Amino acid sequence: MITFITGNKHKVIEAENIFKDYDINLEHIDLGYCEPQGTLEEVAISGAKYASRKLNKPVIVEDAGLFIKALKGFPGTYSSYVQETLGNQGILKLLDGVNDCYAEFRSVIGYCAPNSEPKIFLGKVIGEIAVEEKGDLGFAFDPIFYVPAEGKTFGELTTEEKNQFSHRKNSLEKFIKWYSIQ
Ligand code: ITT
């Protein structure tokens, strides 16, 4: 049994859908942990270590973000705050008149068991910031994250479809592969 520590219900839905193909039981607890200001990796390491000690259980946490090239990686580690404040319309305004629309989502999974040190697993997906919001599936930045190979934004993909190649799928799959041979 692994406990996924998150306060984001959308992450839980996606993770459950990914884990169902494997023989690993996943439970979810919204423990809340203090996120230091730092990289995704630093946040995942400290969160996983804190939660595994606190609950005395093996846990995973995830720190994720949207990195927009023309904005030098913004909102990156500030993604959650920026989504709540500027929102998708605010991001589209910042990119008004900008040609380079390259962006990537990154997800870092931190795993830790009570008596060991944390391990991290990085997943990415590359795409573009769309000119307008499209689709009402998914959450947060999904309607403005356009995937050229699909011809659709994440907001137009079902959980199953997004889970074929998302940043979260890639980080969780790396974790699952490692965990399965422990
Ligand atoms: P927890 O820390 O409790 O897991 P959170 O929502 O605060 O939940 P993060 O700190 O990892 O999660 O913040 C990442 C933010 O990046 C998240 O709140 C979204 O705004 C955005 N984000 C991450 N993954 C996303 C995805 O798959 N689709 C759309 N937006 C995403």
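This text follows the structure it describes.
Residue positions are given per chain, counting from 1 as you read along its sequence in written order. A pLDDT threshold of at least 70 governs which residues receive local features in this predicted model, and a stricter bar of 80 or more applies before side-chain atom pairs are shown or counted, although totals over entire chains, interfaces and linings include all residues. Derived side-chain values reflect all non-hydrogen atoms in the structure, with water molecules and hydrogen atoms excluded from consideration.

(A) Representation of the overall build of the protein within the structure. Each helix is a run of DSSP H or I of at least 4 residues and each strand a run of E of at least 2, with the numbering of both proceeding from the N terminus. Along the protein, the regular secondary structure elements total 6 helices and 7 strands. Starting at the N terminus and walking to the C terminus, you meet the elements of the protein as β-α-β-α-β-α-α-β-β-β-β-α-α. All radius of gyration figures rest on C-alpha atoms, and the globule criterion is 2.2 Å times the number of residues raised to 0.38. Over its C-alpha trace the protein gives a radius of gyration of 16 Å, about what one expects of a compact globule, namely 16 Å for 182 residues. In terms of overall dimensions, the protein has a C-alpha envelope of 50 × 35 × 25 Å along the principal axes. Sorting the 182 residues of the protein into buried and exposed places 44% on the buried side. Of the contacts formed within the protein by residues at least 6 apart in sequence, a portion of 61% connects residues at least 24 apart. Methods summary: accessible areas were calculated by the Shrake-Rupley approach with a probe of 1.4 Å, and residue burial reflects only the protein chains presented. For the protein, the exposed area adds up to about 9400 Å²; of that, 51% sits on carbon and sulfur atoms. Separation of charge centres in the protein, based on 20 positive and 26 negative side chains, amounts to 5 Å. Only protein chains enter the calculation, and the probe is 1.4 Å; a residue is then buried if its accessible area is under 20% of its type maximum, exposed if over 50%, and partly exposed in between. By the convention used here, residues are in contact when the closest approach between their heavy atoms is within 4.5 Å. His is not counted, nor are the chain ends; Lys and Arg add positive charge and Asp and Glu add negative charge. To locate a charge, the coordinates of NZ of Lys, CZ of Arg, CG of Asp or CD of Glu are taken.

(B) The arrangement of the site of the ligand in detail. Neighbouring the ligand are 19 residues; Thr6, Gly7, Ala64, Asp142 and Lys162 lie closest to it. Under the rule applied, a polar contact is a pair of N or O atoms within 3.5 Å (in protein, one hydrogen donor and one hydrogen acceptor; residues adjacent in sequence only if both atoms are side-chain atoms). With respect to the ligand, the side chain of Thr6 contributes an N or O atom lying 2.6 Å from an oxygen atom. Asp63 is positioned such that a nitrogen or oxygen atom in its side chain is 3.1 Å from an oxygen atom of the ligand. Burial of the ligand by the surrounding chains reaches 90%, relative to a free accessible area of 600 Å². Two kinds of site are reported from a 1 Å grid over the protein atoms alone, namely cavities, where a 1.4 Å probe fits but cannot get out, and pockets, open sets with protein on both sides within 12 Å along at least five of seven lines, and residues are called lining when an atom falls within 4 Å of a point. Think of it this way: if more than half of a molecule's atoms are within 2 Å of a pocket's grid points, that molecule is in the pocket or cavity. Taken atom by atom, the bulk of the ligand overlaps the largest pocket. We call a residue near a molecule or strand as soon as one heavy atom of that residue lies within 4 Å of the molecule or strand.

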